[in-house]
Number of protein chains: 2
Amino acid sequence: MATHDAPRRRPTAQDVARAAGVSRATVGFVLNDTPSQTISEPTRRAVLAAAERLGYVPSAAARTLRSGRSRLVLCVVPPWATTEALSAFVQRTAAELHALGYVTVTHVTTTSSLRDLLAAASPAAVISLAPVDPADETRLRTLRIPCVHGYLLDYPGHPHTLPLTQQTMGALQAGHLRERGFERLVYVQPADVGHPGRADGRYTGALTGAGGPPVERSVYAGTEALAALVRGWADDPRRTGLCAFDDLTALELLAALDRAGVDVPGHVGVVGVDDSSAAPFAHPPLTSVRFNLTTQARDLAAWVHAAVRHGPAIPADTPPPATDEPPAQLVVRAST
Amino acid sequence: MATHDAPRRRPTAQDVARAAGVSRATVGFVLNDTPSQTISEPTRRAVLAAAERLGYVPSAAARTLRSGRSRLVLCVVPPWATTEALSAFVQRTAAELHALGYVTVTHVTTTSSLRDLLAAASPAAVISLAPVDPADETRLRTLRIPCVHGYLLDYPGHPHTLPLTQQTMGALQAGHLRERGFERLVYVQPADVGHPGRADGRYTGALTGAGGPPVERSVYAGTEALAALVRGWADDPRRTGLCAFDDLTALELLAALDRAGVDVPGHVGVVGVDDSSAAPFAHPPLTSVRFNLTTQARDLAAWVHAAVRHGPAIPADTPPPATDEPPAQLVVRAST
DNA sequence: CTGAAAGCGCTTACAG
DNA sequence: CTGAAAGCGCTTACAG
């Protein structure tokens with residue numbers, strides 16, 4: 001026995017029209033809330049009920065093709081930006097964009113080019129958490145898809161720079177260590193930090209936050225190299241404050257310091273970046289820089305919305321709304 | 001002065017045809033590698049060169065609408081599945097799917113329904129890392145979009161179950177603790193673990209892995225509650241082995257045990273799940289369960305590909321390829 | 001290879 | 001509200 005109402009194809013607006021006993025145009029007006037049309041409440045309800053009953057979902061492909069608009073926002077994330085803090089940032093931004101009528105999806109870049117991605121999806125806009133390849137930038141311009149930069153690197157002359165920059169993070173770290181009375185300041189990072197600009201920016205910020213040089217910089221690769229650094233700090237009579245590149249680096253530092261029997265924070269202090277969920281459980285609990293991303297996610301979403309409506313070139317007319325909230329703050333724990 | 005070759009609209013296949021001096025059909029044949037057509041090498045090159053020069057990217061919307069096919073795979077991730085290990089799993093799966101010709105994007109579910117998502121994108125298939133809402137399952141069936149379950153819950157009767165299940169994890173934890181001579185075994189979890197089935201499955205697995213009961217189960221909420229548990233373990237004359245729900249839970253346990261002055265692993269042992277990047281730097285370094293996701297990502301990608309080609313109902317004919325690799329393994333460190 | 005064509009499902013202006 | 005219609009850019013079968 002064949003089920004009589006199982007369609008062999010997905011339902012279309014035409015099917016909804018038939019089921020609701022109205023014209024196809026009416027279905028479109030109801031489903032799109034077309035303001036220029038007045039639809040009576042009973043008709044409206046009948047259409048919506050029929051759509052629901054049939055499991056109708058408008059074809060994204062047809063809608064995008066015909067209207068030239070899309071509700072999809074594509075967030076492009078480099079592999080090194082898949083941290084807790086940045087994931088939270090993307091999720092908040094997605095929530096803000098949802099309120100503006102968009103749907104956000106994320107793509108972690110493995111191959112470098114956006115070409116394949118753009119041939120498979122038709123986004124209204126792209127958010128990139130990393131500097132975009134020039135070829136891809138050209139492509140996006142050609143396709144008239146606005147690209148908003150959601151990365152936290154200073155980008156001179158670029159209007160869309162979030163208040164939170166790499167500099168902010170380093171400055172908070174170094175300033176805090178100075179306040180706590182650490183005399184010698186060292187910026188410590190592993191050799192591989194994804195995009196080198198991140199570490200450079202944070203180090204530059206540390207120079208500022210320390211109230212001027214010197215802030216040393218140590219790059220290590222491997223346990224041996226780190227142990228050698230630890231010996232240097234242990235033997236130094238000065239109290240040494242370490243600005244760790246991120247929380248993971250900080251955890252590695254704390255473990256190495258513990259192995260060497262160094263007193264933390266008595267002789268050496270450590271500050272991370274990210275305020276990861278592991279930070280409170282470190283040994284000792286880790287002081288870290290927490291991002292305040294709520295308002296910044298709203299800014300980013302607003303830029304995307306503006307770019308979609310007015311085109312990518314909206315430098316002067318959309319300044320980020322002034323907020324009292326600092327872009328980041330220290331969460332002080334026992335490691336300093 | 002106006003730039004003479006800046007088009008006001010995005011280039012189409014027609015533009016490429018004009019630029020290459022061929023017919024529009026030829027462009028389609030070249031760009032799609034249509035096997036039924038023989039295109040001479042010079043023509044082929046001319047078309048590709050013109051496409052490249054114009055920055056042509058085929059319209060995903062038009063292509064999907066016309067062909068009824070899409071190269072987009074949508075991976076739906078609940079907020080609690082955004083861990084390092086699962087992110088890595090998704091990225092590996094995306095890489096495998098890329099090799100099969102798909103492009104994968106991820107959506108973290110905030111609102112529960114897939115409706116908005118499916119109205120904004122036309123995926124060829126959906127991978128869900130969480131059980132799918134029945135309404136959404138119906139919707140996907142109606143839209144003829146196959147949905148493959150990428151979550152690690154046992155799902156009785158479901159053909160697509162990866163070798164790695166929640167049970168596997170718990171079993172490895174408990175088996176290891178027994179081997180290490182811990183007499184009393186406790187499964188410890190915070191009250192909120194996202195989807196409760198995860199903790200239930202892991203606990204069930206621990207019962208098996210321990211070679212039979214008893215394995216106690218402790219659910220805590222807050223530092224106070226945890227401290228009370230720690231006192232209980234400290235006062236017990238038996239060596240107690242703790243199966244922590246995940247690495248974060250394990251880190252919290254280690255911190256609490258350290259505060260209470262409990263000897264780890266002398267008196268209490270701790271095993272996590274995830275083998276997160278913080279695990280090696282814990283105090284003491286944390287023994288944890290690492291997922292072997294390489295082959296499992298390949299299986300998942302193969303299921304997606306099969307589902308796209310043969311429809312969602314492919315139970316019997318696509319068994320997961322047998323691999324020698326265990327679905328997960330212990331990484332033993334000092335905490336046990 | 002070319003050229004003319006249909007049609008995917010939708011949005012949206014138009015005359016009633 | 002209805003009904004007939006165009007057209008977004010593409011894929012793809014067809015006759016040459």
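In the block above lies the structure referred to throughout.
About the criteria used
- Residues numbered from 1 in each chain as written.
- Chains lettered and ligands numbered in written order.
- Predicted model: local features only at pLDDT ≥ 70, side-chain atom pairs only at ≥ 80, totals over all residues.
- Axes fitted to C-alpha atoms, helices over the stretch in contact; angles between N-to-C directions.
- Helix = DSSP H or I, 4+ residues; strand = E, 2+ residues; numbered from the N terminus.
- Parallel < 35°, antiparallel > 145°, perpendicular 65-115°, else oblique.
- Left-handed = near helix turned anticlockwise from the far one by under 90°.
- Contact = placed C-beta atoms within 7 Å.
- Nonpolar A, V, L, I, M, F, W, Y, C, P; charged D, E, K, R; others polar.
- Pairing = 2+ DSSP bridges.
- Near = placed C-beta within 6 Å.

1. Digging into the packing of helix 1 (residues 13-20) of chain B against helix 3 (residues 41-54) of chain B
All names here are of chain B.
Phase 1: The interhelical angle for the contact between helix 1 and helix 3, taken along N-to-C directions, is 120 degrees, at an axis separation of 9 Å. Between helix 1 and helix 3, the angle is such that the two are oblique. Regarding helix 1 and helix 3, the two cross each other, and that crossing is right-handed. Two secondary-structure elements touch here, helix 1 through Asp 15, Val 16, Ala 19 and Ala 20 and helix 3 through Ala 46, Val 47, Ala 50, Ala 51, Arg 53 and Leu 54.
Phase 2: Of the residues in the contact of helix 1 with helix 3, the class split is eight nonpolar, no polar and two charged.

2. Digging into the sheet that holds strand 5 (residues 184-190) of chain A
Residues and elements named next belong to chain A.
Phase 1: One open sheet accounts for six strands, arranged 6-5-7-8-9-10; its pairing is mixed. The strands lining the two open edges of the sheet, one partner per strand, are strand 6 (216-220) and strand 10 (328-331). The mean angle between the axes of side-by-side strands here comes to 25 degrees, regardless of whether they run parallel or antiparallel.
Phase 2: Note that strand 7 (residues 240-244) and strand 8 (residues 268-273) share four bridges and pair parallel.

3. As for the protein's contact with DNA strand C
Phase 1: Close to DNA strand C lie 23 residues, the nearest being Thr 12 and Gly 28 of chain A together with Thr 26, Ser 40 and Arg 66 of chain B.
Phase 2: Where the surface near DNA strand C is concerned, the elements lending two or more residues are helix 2 (24-32) and helix 4 (60-67) of chain A together with helix 2 (24-32) and helix 4 (60-67) of chain B.
Phase 3: The greatest single-element share of the surface near DNA strand C, amounting to five residues, is contributed by helix 4 of chain A.
Phase 4: Considered class by class, the residues forming the surface near DNA strand C number nine nonpolar, ten polar and four charged.

So yeah, pure geometry; function would need other evidence.
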